[in-house]
Amino acid sequence: ASPLRPSATLSDSYSETIELADIEWDNLGFGLQPTDYMYIMKCTHGGTFSKGELQRFGNIELNPSAGVLNYGQGLFEGLKAYRKQNGNILLFRPEENALRMRTGAERMCMPAPSVEQFVEAVKDTVLANKRWVPPAGKGSLYIRPLLMGSGPVLGLAPAPEYTFLIYVSPVGNYFKEGLAPINLIVENELHRATPGGTGGVKTIGNYAAVLKAQSAAKAKGYSDVLYLDCVHKRYLEEVSSCNIFVVKGNVISTPSIKGTILPGITRKSIIDVARSQGFQVEERLVSVDELLDADEVFCTGTAVVVSPVGSITYLGKRVAYGDGIGVVAQQLYTVLTRLQMGLAEDEMNWTVEL
Ligand code: COI
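Bear in mind that the values here come from a model prediction, so they are computed numbers and not experimental data.

1. Notes on the overall build of the protein chain
Then step 1. Helices and strands together make up the secondary structure of the protein chain, namely 8 helices and 17 strands.
Then step 2. Taking 354 residues into account, the globule formula puts the C-alpha radius of gyration at 20 Å, and the protein chain, at 21 Å, falls close to it.
Then step 3. Taken along the three principal axes of its C-alpha coordinates, the protein chain extends 65 × 50 × 35 Å.
Then step 4. For the protein chain, buried positions account for 43% of its 354 residues.

Structure follows, in C-alpha cells:
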C-alpha cells in the first residue's frame, strides 16, 4: 500500500515517509555503490539449491581453485527495480532473468535456482536494500544475480559446489552520453562469439572477451564496439553490452537469436512494444551494409535501456544518424520506461510490484 498522503508532493512525501540512503541521487552513473545486504545460496554439484540467506554486503571468500576463478564457470544476470511515484517498488520481468539463467546454467554445466527461488531471492534482496532504490525519475536499482562454480577443482571439470549470489547498486545512465546518441565502431578482427560457443548465454567470459576491442575503441573516442559475425564478417551481432536495432521507414530489424547473440530481455520487450505501436519488426540476418541507408540505429539492454546511435564507423567510413535521439528510439524508450516506472498501465503484465 502507498505510504503517501494523496495530497503530498513528491519531495514532501519522500522526506516524510521513505527513508532513503544518504547519497547524491542526482546524476547517478553506472558504478558500484555498495549497499546494505547481498543474498547467498549454495548447492553441491548434482544437488539442488536450498534456502539462501541475506548477509551484510561485503567481500566473499573463495578457494583459490574455485571453478569460476580457474575455468570461468560462471554466469550473471542483470535486472532493475524502479521506484514508482507513490513510493512502491517495481521489478521488470524477473522470471525472464530466472529462465535465462537456467538456460545458461545448462550450457555451463551448473545447477541453477528454480524460477521461484530466483524471483523470491531478488524480491528479498531488493526489499532488504529498499533505501537504495532511487527516488522516482532519478534512476533505478540495478540487480546483479551471479551463479558460479565456487567449489575447488584442479583438473578441468564442473566444480563440486555452486554459489548463487545477488548484489544491488543504485544506477543512472550506462553510457556517459545519457540519452544522447553514442558513437560505435564496427570491429572487423576480433569476435565476441562463435557458432557453437557461448555467445547466446550470459557467461562471464563473453564479457572479458570484449574488453580488448572495447578499450581500443574508447581510446579512439568511440563509445563502444559493434561486432560482426565471425564466419562472413558481414552480419551484425551485438554491441559489447547490448543488442542492436536498425530502423528503415516503418520496419525495425534486429539480428535473430541464433546462438551467438544474447537474448536480451529488453530486446524481446522492445520487439513487443514496437509491434504494439504499429511497427513491423524483423528478426533476421542484418547486413553491415544496411547501416548505410538506415534512418536510425539504437541499442537495447537492461543497463543501457534504449540508447540511440549517432554514428557508426566501419572500415574507416563514418555513417551519421543525427545529433539527437531518433523519433522511433524516443517513442519506444518512452513507452517502455513509462511501463517500467509504473507511469503507464502494464497491459503486458511485465512488472512485479513489491
Ligand atoms: C545488462 O545490461 O544488464 C548487462 O548485463 C550488460 C552489462 C555489461 C552491464
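2. As for the packing of helix H7 (residues 265-276) against helix H8 (residues 327-340)
Axis angle and axis distance: for two packed helices, these are the angle between their axes and the distance between the axes, and together they describe the pair.
Then step 1. Two numbers describe how H7 lies on H8: the axes approach to 10 Å, and their chain directions differ by 110°. Taken together, the axes of H7 and H8 lie roughly perpendicular to each other. Within the contact between the two elements, H7 uses Ser-269, Ile-270, Val-273 and Ala-274 and H8 uses Leu-332, Val-335 and Leu-336.

3. Digging into the site of the ligand
Then step 1. Inspection of the region around the ligand gives Gly-78, Tyr-207, Ser-241, Gly-301, Thr-302 and Ala-303 as its neighbouring residues.
Then step 2. Of the residues in the shell around the ligand, the class split is 2 nonpolar, 4 polar and no charged.

4. Considering the UniProt feature "modified residue: N6-(pyridoxal phosphate)lysine" (unreviewed entry) in the protein chain
Then step 1. Mapped onto this numbering, the UniProt entry gives "modified residue: N6-(pyridoxal phosphate)lysine" (unreviewed entry) at Lys-202.
Then step 2. By secondary structure assignment, the location of Lys-202 is in the loop between strand S8 (182-187) and helix H5 (204-208).

5. Regarding the nonpolar core
Then step 1. Residues Ile-143, Leu-147, Val-225, Val-297 and Leu-332 are the most contacted members of the largest nonpolar core, which totals 86 residues.
Then step 2. Those residues in contact with Val-297, other than ones at most four positions away along the chain, are Ile-244, Phe-245, Val-246, Leu-291, Val-309, Ile-312 and Tyr-321.

6. Some details on the environment of Thr-313
Then step 1. Examined against the element boundaries, Thr-313 turns out to sit in strand S15 (residues 305-314).
Then step 2. Sequence separation between Thr-313 and Tyr-222 is 91 residues, and the spatial gap between their C-alpha atoms is 9.1 Å.
Then step 3. Setting aside residues no more than four positions away along its own chain, Thr-313 makes contact with Ile-185, Val-186 and Arg-318.

7. What to know about the pairing of strand S9 (residues 224-228)
Then step 1. Most of S9 sits inside the fold, with 5 of its 5 residues counted as buried.
Then step 2. The sheet contact formed by S8 and S9 spans 4 bridges and is parallel. Residue Glu-187 lies in a different strand from S9, and its bridge partner there is Tyr-227.

8. Looking at H8
Then step 1. Look at H8: 20 Å from first C-alpha to last across 14 residues, which is about the 20 Å you get at 1.5 Å a residue.
Then step 2. Note on H8: the residue one or two positions beyond its end, Gly-342, has a positive phi of about 80°.

9. Let's talk about helix H3 (residues 94-107)
Then step 1. Given a rise of 1.5 Å per residue, 14 residues ought to cover 20 Å, and the 20 Å separating the end C-alpha atoms of H3 matches this to within 8%.
Then step 2. The complete set of buried residues in H3 reads Pro-94, Asn-97, Ala-98, Arg-100, Met-101, Gly-104 and Ala-105. End-on view of H3: buried residues confined to an arc of 165°, all on one side of the axis.
Then step 3. Positive backbone phi, approximately 60°, marks Cys-109, located one or two places after H3.

10. Examining the environment of Met-41
Then step 1. Mapped onto the secondary structure, Met-41 falls in strand S1 (residues 37-44).
Then step 2. C-beta crowding within 10 Å serves as the criterion here: with 19 such atoms nearby, Met-41 is assigned to the partly exposed category.
Then step 3. For Met-41 and Ile-166, which are 125 residues apart along the polypeptide, the C-alpha to C-alpha distance reads 9.2 Å.
Then step 4. When sequence neighbours within four positions are dropped, the list of residues in contact with Met-41 reads Phe-49, Gly-52, Pro-113, Ala-121 and Phe-164.

11. Observations concerning the pairing of strand S7 (residues 161-171)
Residues in a regular strand project their side chains so that they alternate between the two faces of the sheet.
Then step 1. For S7, a buried count of 8 out of 11 residues is recorded, marking the element as mostly surrounded by other parts of the structure.
Then step 2. Relative to S7, S1 runs antiparallel, the two being bridged by 6 bridges. Opposite Ile-40, over in S7, you have Leu-165 as the bridge partner.

12. Thoughts on the environment of Glu-296
Then step 1. Structurally, Glu-296 is set in strand S14 (residues 296-301).
Then step 2. According to the C-beta neighbour criterion, Glu-296 is buried, with 20 such atoms within 10 Å.
Then step 3. Separated by 178 residues in sequence, Glu-296 and Phe-118 place their C-alpha atoms 37 Å apart.
Then step 4. Once you skip the residues sitting within four places of it in the chain, Glu-296 turns out to touch Val-247, Tyr-321, Gly-326, Val-328 and Ala-329.

13. Quick look at the packing of H3 against helix H4 (residues 115-128)
Then step 1. Axis separation between H3 and H4 bottoms out at 9 Å; the angle between their running directions is 130°. The pairing of H3 with H4 is recorded here as oblique in orientation. H4 is crossed by H3, and the crossing has right-handed handedness. In this structure, H3 contributes Pro-94, Glu-95, Ala-98, Leu-99 and Met-101 to the contact, and H4 contributes Val-115, Phe-118, Val-119 and Val-122.
Then step 2. By residue class, the composition of the contact of H3 with H4 is 8 nonpolar, no polar and 1 charged.

14. Some words on the confidence of the model for the protein chain
Then step 1. With 95% of its residues at a pLDDT of 70 or more, the protein chain has an overall mean of 93.
Then step 2. Across residues 1-16, where pLDDT falls below 50, the model places 16 contacts with residues more than four positions away in sequence or in other chains.
Then step 3. Reported confidence for the predicted complex is 0.98 by ipTM and 0.94 by pTM.

Reading guide: rules and limits
Residues numbered from 1 in each chain as written. Predicted model: local features only at pLDDT ≥ 70, side-chain atom pairs only at ≥ 80, totals over all residues. Helix = DSSP H or I, 4+ residues; strand = E, 2+ residues; numbered from the N terminus. Rg over C-alpha atoms; globule rule 2.2 N^0.38 Å. Buried ≥ 20, exposed ≤ 12 C-beta atoms within 10 Å, placed from the backbone. Axes fitted to C-alpha atoms, helices over the stretch in contact; angles between N-to-C directions. Parallel < 35°, antiparallel > 145°, perpendicular 65-115°, else oblique. Contact = placed C-beta atoms within 7 Å. Near = placed C-beta within 6 Å. Nonpolar A, V, L, I, M, F, W, Y, C, P; charged D, E, K, R; others polar. UniProt positions renumbered as here; feature names shortened; annotations may be inferred. Core = buried A, V, L, I, M, F, W, Y, C linked by C-beta atoms within 7 Å. Pairing = 2+ DSSP bridges. Expected span 1.5 Å × (residues − 1). Arc of directions from axis to C-beta. Left-handed = near helix turned anticlockwise from the far one by under 90°. pLDDT = per-residue confidence, 0-100.

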